[in-house]
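Examining the three-dimensional arrangement
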Amino acid sequence: MARIKVGKRPPQADAGGEERRSEPPAGWRGAVQHYVQACNQAEVELRDSALAGIMTDADHRLRLLHRLQRQRERAEERDLLTSQCETRAALVKVNESGAEVSVVLQLHLKRHVQHKGRQYTEERIERERIWLAPAGADGSWRLTRVEPLVGERRPRYGHAAADSALAEHRSYGNGGGSGIQPPGAPRPFLNYGVVPRINTRSRASRYRRELVAAYADQWWNEPNPAYEEFEVNCTNYVSQCVFAGEAPMNYTGKRESGWWYKGRTGGQEQWSYSWAVSNAFQLYLSFPRSSGMRATPVESAAELELGDVITYDWNGDGRFQHTTVVTAFDGDGMPLVNANTVPSRHRYWDYKDSYAWTEQTRYRFYHLSDSM
């Protein structure tokens with residue numbers, strides 16, 4: 001993949017001292033580079049003025065304007081200062097024709113934050129599909145359309161998995177599903193080098209929150225080869241993180257029950273819906289059980305600890321499409337989260353900087369038990 005890297009740059013000035021912006025380079029690749037520079041400047045300023053004249057897509061300009069406004073209001077409320085912003089871009093896919101070029105562009109944004117005496121770095125990797133067309137006889141190009149590829153809005157499996165998980169949720173009745181794998185049961189592990197332990201213990205053990213955060217930071221932007229990577233990977237990633245914290249699998253061998261992962265055997269997927277589907281996972285967490293992995297729903301993000309889980313219902317219709325795991329805290333002690341599908345590290349928990357967020361967005365906060 002071709003790569004572009006830009007950082008915060010001071011504006012240039014002409015001989016009279018007036019600020020001026022550099023002219024866009026010639027050719028469509030130069031136009032893409034200029035667009036990436038403008039995107040980085042917009043993230044620094046939290047305003048879209050840097051993009052004026054670069055693209056003609058009014059719909060995306062409005063979409064971006066709303067997102068930057070939410071970020072700006074949130075930064076003011078939190079008394080947040082961005083000390084530096086850096087954007088790396090990669091051309092993932094290019095389609096060229098005489099009159100138009102379309103590009104899938106990957107943007108890796110790294111923001112260095114100062115917040116009430118604390119400093120941390122927030123990262124996210126997003127993809128956009130952009131279209132460009134010649135703008136004049138001088139060989140310049142202009143962006144005509146921008147489409148954010150919002151993977152975190154697309155739930156894996158959809159309603160069928162959620163309905164199966166709900167049926168399981170109702171079927172527990174007396175709190176069944178111990179979370180303990182009985183002796184002689186199939187062992188749901190794909191890679192013994194990565195997962196050498198076998199969850200056949202009869203005594204509860206401590207949930208290792210520091211291991212959850214360490215695993216989440218190690219694998220936030222690349223897949224662990226010991227596991228299958230899904231196109232919509234957020235809940236698979238969070239399940240791996242929780243499992244790395246020594247939460248025991250509840251292996252049933254049935255996709256619609258338990259919380260388990262075995263891999264792919266003979267071309268068939270071997271994992272539970274609750275392992276890989278956000279709505280199924282939050283239903284599994286919401287059901288009370290006496291042993292194994294257990295969680296308590298809490299009222300606010302402020303009550304969460306390292307290794308706890310947040311699920312996101314973007315449309316407010318009761319079906320949850322996204323999952324994150326708490327990996328750090330800001331200067332107010334509010335959660336910063338890691339996620340996948342749109343890889344994110346130490347991102348502020350409310351996701352108002354996402355194109356997936358809407359005014360109808362609802363959250364569920366799960367505090368996982370210290371004893372499992």
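Description of the structure in this document. In this text, all values refer to a predicted model and were calculated from it rather than measured experimentally.

Core analysis: the biggest nonpolar cluster contains 34 residues, and Tyr237, Val242, Trp259, Trp275, Met293, Val309 and Leu368 have the highest contact counts within it. Listed by contribution, the elements that provide at least two residues to this core are helix H4 (209-218), helix H5 (234-244), helix H6 (273-276), helix H7 (278-286) and strand S15 (362-368). Considering every element that reaches this core, the biggest residue donor is H5, with five residues. Trp28, Val101, Val103 and Ile130 belong to the second-largest nonpolar core, a separate cluster that totals 28 residues.

Counted by the stated rule, this structure contains six cavities of 30 Å³ or more. One number sums up the size of the largest cavity: a volume of about 160 Å³. Cys39, Glu43, Arg67, Leu107 and Glu126 are, among the 15 residues lining the largest cavity, the residues nearest its centre.

Going through the model one piece at a time under the given rule, you end up with 18 aromatic pairs. Ring geometry for Phe230 against Trp271: centres 4.6 Å apart, planes inclined by 45 degrees, an arrangement best described as tilted. On the criterion of sequence distance, the pair formed by Phe230 in the loop between H4 and H5 and Trp271 in strand S9 (residues 268-271) is long-range, its members being 41 residues apart. Judged on exposure class, the residue Phe230 and its partner Trp271 are both buried. A ring pair is formed by Tyr261 and Trp271, whose centres lie 5.7 Å apart and whose planes are at 5 degrees; its orientation type is stacked. In this pair, Tyr261 is assigned in strand S8 (residues 261-265) and Trp271 in strand S9, connecting sequence segments 10 residues apart.

Right, let's talk about H5 for a bit. Counting buried residues along H5, 10 of its 11 residues qualify, which places the element largely inside the surrounding structure. For H5, the complete set of buried residues consists of Cys234, Thr235, Asn236, Tyr237, Val238, Ser239, Gln240, Cys241, Val242 and Phe243. Immediately downstream of H5, the backbone of Glu246 shows phi near 75 degrees, a positive value.

Analysis parameters
- The residue numbering used here restarts from 1 in each chain and proceeds along that chain's sequence as written.
- In keeping with the predicted nature of the model, local features appear solely for residues at pLDDT of at least 70, side-chain atom pairs appear and are counted solely at 80 or more, and the whole-chain, interface and lining totals rest on all residues.
- Processing note: side-chain calculations cover all non-hydrogen atoms of the structure and skip hydrogens and water entirely.
- Grouping buried Ala, Val, Leu, Ile, Met, Phe, Trp, Tyr and Cys residues that are joined through side-chain atoms within 4.5 Å yields what is termed a nonpolar core.
- Whether a residue is buried, partly exposed or exposed follows from its accessible area with a 1.4 Å probe, protein chains only, as a fraction of its type maximum: under 20%, in between, or over 50%, in that order.
- Strands here mean DSSP runs of E at least two residues long; helices mean DSSP runs of H or I at least four residues long; both are numbered from the N terminus.
- Grid points spaced at 1 Å over the protein atoms alone were grouped into cavities, where a 1.4 Å probe fits but cannot get out, and pockets, open sets with protein on both sides within 12 Å along at least five of seven lines, with lining residues defined by an atom within 4 Å of a point.
- Grid points are joined across faces, edges and corners, and a volume is the space filled by probe spheres set on the points.
- We call Phe, Tyr and Trp rings a pair once their centres come within 6.5 Å, taking the six-membered ring for Trp, and we label the pair stacked below 30 degrees between planes, edge-to-face above 60, and tilted otherwise.

Purely spatial values, then, with no claim about function.
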